[in-house]
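# Breakdown of the fold
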Amino acid sequence: MNYRRLGSTGTKVSELCFGTWRFGMESGDVVETGRSEAHDLLDAFEAGGGNFIDTANVYGAPNGTSEEYIGDWLAERDREDFVLASKVYFPFDGWGEPGPNDSGLSRKHIRAQIEGTLDRLGTEYLDVYYIHRWDDETPIEETLSALTDLVDEGKVNYLGASTMAAWQLTKALWKSDVNGFERFEVTQPMYHAAYEEVDDYLDVCADQDLAVCPYSPLAGGFLTGKYERADDGSAVGPDGSRASLVDYFQDAYVSETSWRVLDAVEAVADELDATPAQVALRFLMDQPEFTCIPIVGARTTEQMEDNLGATEISLSVDQFERIAAARNDEDDDE
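Looking at an unreviewed UniProt entry, one finds the chain named Oxidoreductase and attributed to Halogranum salarium B-1.

## Quick word on the pattern of salt bridges
Scanning all chains against the criterion turns up 20 salt bridges. Linking K155 and E153 is a salt bridge whose minimum nitrogen-to-oxygen distance equals 3.8 Å. The partly exposed category is assigned to E153, whose relative accessible area is 42%.

## As for empty space enclosed by the protein
This structure, assessed with the given rule, holds one cavity of 30 Å³ or more. Approximately 40 Å³ is the volume attributed to the largest cavity. Taken together, F18, G19, T20, W21, R22, F23, T33, L41, G297, A298 and R299 form the lining of the largest cavity. Residue classes in the lining of the largest cavity are distributed as five nonpolar, four polar and two charged.

## As for the packing of helix α9 (residues 256-272) against helix α12 (residues 317-327)
Interaxial distance between α9 and α12 falls to 8 Å at its minimum, and their mutual angle equals 165°. Our classification of the angle between α9 and α12 gives roughly antiparallel. Note on packing geometry: the crossing formed by α9 with α12 is right-handed. Every residue of α12 that contacts α9 at T257, R260, V261, A264, V265, A267, V268, E271 and L272 is listed here: Q319, R322, I323, A326 and R327. Class assignment of the residues belonging to the contact of α9 with α12 gives a composition of eight nonpolar, two polar and four charged.

## A look at the sheet that holds strand β14 (residues 295-296)
With parallel pairing, eight strands are arranged side by side in an open sheet as β11-β10-β9-β8-β7-β6-β3-β14. The two strands at the open ends of the sheet, each matched to only one other strand, are β11 (211-212) and β14. Here strand β7 (residues 83-88) runs beside strand β8 (residues 126-131); their pairing, made up of four bridges, is parallel. Counted as the bridge partner of A85 is V128 from β8. Of the strands in this sheet, β8, β9 (156-162) and β10 (184-188) touch helix α4 (residues 140-152), which is tilted by about 150° from β9.

## A closer look at the state of the cysteines
According to the stated counting rule, one finds zero disulfides in the structure shown. The closest cysteine sulfur to the non-disulfide-bonded C17 is located on C213, 6.0 Å from its own sulfur. The class for C213 is buried, based on a relative accessible area of 0%.

## Some words on the environment of G297
As for its placement among the helices and strands, G297 is situated in the loop between β14 and α11 (301-308). Overall, the relative accessible area of 28% leaves G297 in the partly exposed class. For G297 and E124, which are 173 residues apart along the polypeptide, the C-alpha to C-alpha distance reads 26 Å. Contact partners of G297, with chain neighbours within four places excluded, come to G19 and R22.

## Structural notes on the pairing of β10
The element β10 is largely enclosed, with a buried count of five among its five residues. In terms of strand pairing, β9 meets β10 through four bridges, oriented parallel. Opposite G160, over in β10, you have V186 as the bridge partner. As judged from the two bridges shared by β10 and β11, these two strands associate in the parallel manner.

## Remarks on the pairing of β9
As a general feature of sheets, a regular strand has side chains that alternate between the two faces. When you tally the buried positions in β9, you get five out of seven residues, the bulk of the element. As paired elements, β8 and β9 share five bridges and run parallel to each other. Residue V128 lies in a different strand from β9, and its bridge partner there is Y158. At this point the chain moves from β8, through α4, to the parallel β9, and the crossover so formed is right-handed.

## Notes on the side chain of T187
In this fold, T187 is placed in strand β10. Given a relative accessible area of 0%, T187 falls into the buried group. Residues within four places of T187 in sequence aside, it is in contact with Y130, A161, L169, Y201, C205, L210, A211, V212 and C213.

## Let's talk about a negative patch on the surface
The grouping of D200, D203, D207 and E289 at the surface amounts to a negative patch. The residue D203 is located in helix α6 (residues 199-208) in this model.

## Thoughts on the packing of aromatic side chains
How two aromatic rings sit relative to each other is given by the distance of their centres and the angle of their planes. Following the criterion strictly, the structure yields 13 aromatic pairs and no others. Here Y89 and F90 contribute two aromatic rings whose centre-to-centre distance is 5.0 Å and whose plane-to-plane angle is 80°, an arrangement assigned as edge-to-face. When its relative accessible area of 26% is taken as the criterion, F90 is described as partly exposed. Feature note: the residues F222, Y227, F249, Y253 and W259 constitute an aromatic cluster, connected by ring pairs.

Calculation rules
- Residues numbered from 1 in each chain as written.
- Predicted model: local features only at pLDDT ≥ 70, side-chain atom pairs only at ≥ 80, totals over all residues.
- Heavy atoms only, no water.
- Salt bridge = Lys/Arg side-chain N within 4 Å of Asp/Glu carboxyl O.
- Buried < 20%, exposed > 50% of the residue type's maximum accessible area, 1.4 Å probe, protein only.
- 1 Å grid on protein atoms, 1.4 Å probe; cavity = no way out; pocket = protein on both sides within 12 Å on 5 of 7 lines; lining within 4 Å.
- Points joined across faces, edges and corners; volume = space filled by probe spheres on them.
- Nonpolar A, V, L, I, M, F, W, Y, C, P; charged D, E, K, R; others polar.
- Axes fitted to C-alpha atoms, helices over the stretch in contact; angles between N-to-C directions.
- Helix = DSSP H or I, 4+ residues; strand = E, 2+ residues; numbered from the N terminus.
- Parallel < 35°, antiparallel > 145°, perpendicular 65-115°, else oblique.
- Left-handed = near helix turned anticlockwise from the far one by under 90°.
- Contact = heavy atoms within 4.5 Å.
- Pairing = 2+ DSSP bridges.
- Disulfide = S-S within 2.5 Å.
- Right-handed = clockwise from strand over helix to strand, strands pointing away.
- Patch = residues over 30% accessible without salt bridge, like charges linked within 9 Å, V, L, I, M, F, W, Y side chains within 5 Å.
- Areas by Shrake-Rupley, 256 points an atom, 1.4 Å probe, with all protein chains shown as cover.
- Lys, Arg positive; Asp, Glu negative; His and termini not counted.
- Charge placed at Lys NZ, Arg CZ, Asp CG, Glu CD.
- Phe/Tyr/Trp six-rings, centres within 6.5 Å; stacked < 30°, edge-to-face > 60°.

Below, the structure written as structure tokens:
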């Protein structure tokens, strides 16, 4: 495992980040990833050299369960060996029915949630604290001021921004600059090899030297190659796959561009004796304009080991450009 600087900061992180949104998640009456399974996955990530762990205060049922699982696991390790990220914004039900101030990015809510997050993780500080969404009801100056105080107090090292428009990110960076607030150093958009709608956002990240830690780097599993194309262009997957479980899958991840990119990814995978997932992840990791650290959400240790294999392969310039050409609908024979 190689390590890279987290954007313009001095902190080094593994080339992949482990996303723990499934920890404690309930699907019907079934917990997707229980405590034991969560710890097995964290063990596998650690064994592969991973040190960057992503969670949020609302992950799990009740909210906070994911952070608790991680905190229990960290209790038997040196916390300084890991880079921890969590988030704040959504209504938090871990203390019962959320009240009127139990969501958003007000100073009050941020102050309440950071203490709970630190307690559940069993740590005195976070390496990265993301705003989980943009809050239209709270002035960004209030949010940035509250977050800056957390940095000044040693409770947070760096600030992160997840899922917002390019103009919102630009506005926040400008407000930080003119007011002397801490700025966002890390971003977390949805981004994968076939996703084009994020390009303006990525231009901001490249210009401002922000780290990009994308979620859904495998397009919800589409880029693993386990789906077949139906006559109408939709994806047909095995029983229990996301396409068969969630209604939004086809609209979110399946398009003509997606199929072109998948063909290119699978061709490169055959050339490298690698898996499509490894190639799709490597394509993101090799982005030349910004530091890109994909967040993988493996559900089994076998998936984790496969994902970690992306750190052991290399794409040639030609292989990288063929995937990029498929994404951009270019003729790669030119």
